[in-house]
Amino acid sequence: MGETTATTAGPEPVTFDVLVRPRVALVRSTALSIVFSAVPLAVALVWVSFPLRLWALVATVVVLLAVAAGVVFVRLRSAFVGISHDGVMVRGVLSPKRSVGRSCVERVVLATTFGSSVDRTTRVLVAYGPDDRHLFRMRSDVWGDAGLDRVVDALGVQVTELTRPLPARDFARRYLPTRSADRRKPC
């Protein structure tokens, strides 16, 4: 498959003008963390549980956690943001697939946020539609700075770039909808 092709749930792959996937380093570090941290810990937990005769319970929990980690890893590998001439499709890691018409995206807000430490900042892109309706959000720690820039360039809409970094909580309070407002049908 080409660089701009993504497999979707439909009968055939969809080709996009711009296709952004999660950072390769994120996928690689997730896999390595699971292999070198979680697997030895799981084996040690099962081994220690043998004398207590709880090994079946511990093994079941370990298998369930391994399945959950596998599902997240597969979702990470299949996540993408695709922009075609008529629409934007976002398949996130933990969020459901979301499609919006390209003409519905009216503006984009780009901001730099920080959590508990000012040293660790993350760029965030939030797209809005009619009536300031939240359409989708992207974070640079998953999609990369270059990915956010490619999406902004491809959309070609009004961009509001906040010049000063904000705490993540303040940014969410000002620019992200509440859960009830987010349930409105997108454009």
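Preceding this section is the structure that the text describes.
Since we're looking at a predicted model, the values are computed, not measured.

A. Just the overall build of the protein, in detail. The secondary structure content of the protein amounts to six helices and 11 strands. Classification of the 187 residues of the protein by burial places 33% in the buried group. The contacts in the protein between residues at least 6 apart in sequence include a share of 54% that link residues at least 24 apart. Surface exposure of the protein reaches about 11800 Å², of which carbon and sulfur atoms provide 59%.

B. Just the pattern of salt bridges, in detail. All told, the structure shown has five salt bridges when counted by the stated rule. Note that Arg 107 is salt-bridged to Asp 132, the shortest N-O span being 3.1 Å. Here Asp 132 lies in the loop between strand E8 (121–128) and strand E9 (134–139) and Arg 107 lies in strand E7 (residues 107–114), a separation of 25 residues in the sequence. Residue classification places Asp 132 among the partly exposed positions, given a relative accessible area of 46%. Here Arg 123 and Asp 145 are joined by a salt bridge, their closest N and O atoms 3.8 Å apart. Linking Arg 123 in strand E8 with Asp 145 in helix H4 (residues 145–155), this pair joins segments that are 22 residues apart in sequence. Its relative accessible area of 17% is what places Arg 123 among the buried residues. By relative accessible area, which is 40% here, Asp 145 ends up partly exposed. Several salt bridges share partner residues, and in doing so they unite Arg 123, Asp 145 and Asp 149 into one network.

C. Spatial organisation of the packing of aromatic side chains. Summed over all chains, the structure comprises four aromatic pairs. Both rings, one in Phe 50 and one in Trp 55, keep their centres 5.9 Å apart while their planes meet at 40°; by these two values the pair is tilted. According to the relative accessible area criterion, Phe 50 is partly exposed, its value standing at 41%. One aromatic cluster is present, built from ring pairs that chain together Trp 47, Phe 50 and Trp 55. Over the ring of Tyr 128 we find Arg 107, and its NZ or CZ is 4.3 Å from the ring centre.

D. Main features of the packing of helix H1 (residues 24–49) against helix H2 (residues 55–78). Remark: H1 packs on H2, axes separated minimally by 10 Å, with the N-to-C direction vectors making an angle of 175°. Between H1 and H2, the interaxial angle falls into the category roughly antiparallel. Counted together, Leu 26, Val 27, Thr 30, Ala 31, Ile 34, Ala 42, Leu 45, Val 46 and Ser 49 of H1 and Trp 55, Val 58, Ala 59, Val 62, Ala 69, Phe 73, Leu 76 and Arg 77 of H2 form the full contact between these two elements. The residue makeup of the contact of H1 with H2, split by class, is 14 nonpolar, two polar and one charged.

E. Geometry of the pairing of strand E6 (residues 98–101). In terms of strand pairing, strand E5 (residues 87–91) meets E6 through four bridges, oriented antiparallel. By the bridge assignment for E6, Met 89 is matched with Ser 99. Hairpin connection between E5 and E6: a loop of six residues separates the two successive antiparallel strands.

F. Inspection of the side chain of Ser 84 at higher detail. With respect to the helices and strands, Ser 84 occurs in the loop between strand E4 (80–83) and E5. For Ser 84, a relative accessible area of 11% gives the class buried. Each residue touching Ser 84, except ones within four places of it in the same chain, is listed here: Thr 15, Phe 16, Asp 17 and Arg 102.

G. Summary view of unusual backbone geometry. Of note in this structure, Arg 53 is not a glycine but carries a positive phi near 60°. You can see Arg 53 is positioned in the loop between H1 and H2. Within the chain, Asp 132 stands out as a residue other than glycine whose phi angle is a positive 55°.

Rules used throughout
- Residues numbered from 1 in each chain as written.
- Predicted model: local features only at pLDDT ≥ 70, side-chain atom pairs only at ≥ 80, totals over all residues.
- Heavy atoms only, no water.
- Helix = DSSP H or I, 4+ residues; strand = E, 2+ residues; numbered from the N terminus.
- Buried < 20%, exposed > 50% of the residue type's maximum accessible area, 1.4 Å probe, protein only.
- Contact = heavy atoms within 4.5 Å.
- Areas by Shrake-Rupley, 256 points an atom, 1.4 Å probe, with all protein chains shown as cover.
- Salt bridge = Lys/Arg side-chain N within 4 Å of Asp/Glu carboxyl O.
- Phe/Tyr/Trp six-rings, centres within 6.5 Å; stacked < 30°, edge-to-face > 60°.
- Lys NZ or Arg CZ within 6 Å of the ring centre and 35° of its normal.
- Axes fitted to C-alpha atoms, helices over the stretch in contact; angles between N-to-C directions.
- Parallel < 35°, antiparallel > 145°, perpendicular 65-115°, else oblique.
- Nonpolar A, V, L, I, M, F, W, Y, C, P; charged D, E, K, R; others polar.
- Pairing = 2+ DSSP bridges.

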